[in-house]
Amino acid sequence: AQSVTQPDIHITVSEGASLELRCNYSYGATPYLFWYVQSPGQGLQLLLKYFSGDTLVQGIKGFEAEFKRSQSSFNLRKPSVHWSDAAEYFCAVVYNNNDMRFGAGTRLTVKP
Amino acid sequence: DAGVIQSPRHEVTEMGQEVTLRCKPISGHDYLFWYRQTMMRGLELLIYFNNNVPIDDSGMPEDRFSAKMPNASFSTLKIQPSEPRDSAVYFCASSLVTGFYNEQFFGPGTRLTVL
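Residues numbered from 1 in each chain as written. Chains lettered and ligands numbered in written order. Predicted model: local features only at pLDDT ≥ 70, side-chain atom pairs only at ≥ 80, totals over all residues. Heavy atoms only, no water.

Some points on the overall build of chain A
As a reminder of what qualifies: Only DSSP runs of H or I covering at least 4 residues are called helices, and only runs of E covering at least 2 are called strands; the numbering of each starts at the N terminus. The size measure is the radius of gyration over C-alpha atoms, and the globule rule it meets is 2.2 Å times the number of residues to the 0.38 power. A simple rule labels every residue: compare its accessible area, found with a 1.4 Å probe on the protein chains alone, to the largest value its type can have, and call it buried under 20%, exposed over 50%, or partly exposed in between. Here a residue-residue contact requires only that any non-hydrogen atoms of the pair lie within 4.5 Å. Accessible surface is estimated by sampling points in the Shrake-Rupley manner with a 1.4 Å probe; for residues, cover comes only from the protein chains shown. Only four residue types enter the charge count: Lys and Arg as positive, Asp and Glu as negative, with His and the chain ends excluded. Where a charge lies is defined by one atom per residue type: Lys uses NZ, Arg uses CZ, Asp uses CG and Glu uses CD.
Scanning chain A from N- to C-terminus turns up 0 helices and 12 strands. Relative to a compact globule of 112 residues, whose C-alpha radius of gyration would be 13 Å, chain A shows 13 Å and is just as compact. Considering only C-alpha atoms, chain A reaches an extent of 40 × 30 × 20 Å along its principal axes. Buried positions account for 44% of the 112 residues belonging to chain A. Here the analysis covers contacts within chain A between residues at least 6 apart in sequence; of these, 54% occur between residues at least 24 apart. Total accessible area on chain A stands at roughly 5300 Å², and carbon and sulfur atoms take up 48% of it. Across chain A, 10 positive and 9 negative side-chain charges occur, with their mean positions spaced 2 Å apart.

The structure is reproduced here in structure tokens:
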């Protein structure tokens, strides 16, 4: 069955440190992949998406993600985290054109 | 554009009461999605519309839930009768023509508490 896994429920990093949030999916073909961010009390906002082509995609707010087919992963990265990045991050996958699944989310805390 | 608008932002009701959540999508968007977010189940797609027509309601948990989109600028999600396990944040989102492949713009959500 198709699934999206975000192994880390909660991550804490220091401001200025690098960040990597993990996302794995199960699917035979290449799905469509997204990362969304949810600030407290807000709806989700798209950070970036991958459909095909270059496996390293750039998004808003300085985020990037790399699609690795061999590992069925689509990890989100940022070289230097800002306090305003504290939020919940969701990986999402679209299967078969109309089946969208979200991961459970990773809550990011940024230490000063 | 003001973005996706949802009302009310918070709703507290008692078990057995009818609850109606409202959504105004971004003008020009052809797709509208209703999601439910809980700690236990995360973010779940309940139903989505394309050009005001319900396309897939397989995520609607029970017959107590119903959704309508009478026109391109308004949708409702109704729960009748409500139960405590319906307590969640309900999000509405809209997107352009290609639906799932396009960015979904989310509203701020309605936090529903059923006592």
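With respect to the sheet that holds strand β1 (residues 5–7) of chain B
Residues and elements named next belong to chain B. To keep things clear, this is the line we draw: Pairing between strands requires that DSSP locate at least two bridges from one strand to the other. The convention used is that axes are lines fitted to C-alpha atoms, helices contributing only their stretch in contact, and that angles between N-to-C directions extend from 0 to 180 degrees.
Sheet architecture is open: 4 strands sit in the order β1-β3-β8-β7, paired in antiparallel fashion. Each edge of the open sheet carries a strand with a single partner, namely β1 and β7 (65–71). Across this sheet, the average inter-strand angle for adjacent strands is 15°, counted without regard to direction.

Focus on the pairing of strand β3 (residues 19–24) of chain B
All names here are of chain B. Strand direction decides the pairing type here: β1 and β3, joined by 3 bridges, are antiparallel. Within β3, the residue paired with Ser-7 across the bridge is Arg-22. In the sheet, β3 pairs with strand β8 (residues 74–79) via 5 bridges, with the strands oriented antiparallel. Residue pairing in the sheet places Val-19 in a bridge with Ile-79 of β8.

Observations concerning the environment of Ser-14 of chain A
All names here are of chain A. Looking at the element boundaries, Ser-14 is found in strand β2 (residues 10–14). A relative accessible area of 31% places Ser-14 in the partly exposed class. Here Ser-14 is in contact with Val-81, Val-110 and Lys-111, once residues within four sequence places are set aside.

Details of the side chain of Glu-64 of chain A
Residue and element names in this part refer to chain A. Quick reminder of the rule: Two N or O atoms count as a polar contact when they lie within 3.5 Å, although within protein this holds only if one can serve as hydrogen donor and the other as acceptor, and sequence-adjacent residues are included solely when both atoms are side-chain atoms.
Considering the arrangement of structural elements, one finds Glu-64 in strand β8 (residues 64–68). At 3.1 Å, the side chain of Glu-64 forms a polar contact with the side chain of Gln-58. Residues in contact with Glu-64, not counting those within four places in the same chain, are Leu-48, Leu-56, Val-57, Gln-58, Asn-75, Leu-76 and Arg-77.

Details of the pairing of β7 of chain B
Residue and element names in this part refer to chain B. Pairing geometry for β7 and β8, over 5 bridges, is antiparallel. Its bridge partner lying in β8, Asn-71 is registered against Phe-74. Here β7 hands over to β8 after 2 residues, the two strands then running antiparallel side by side.

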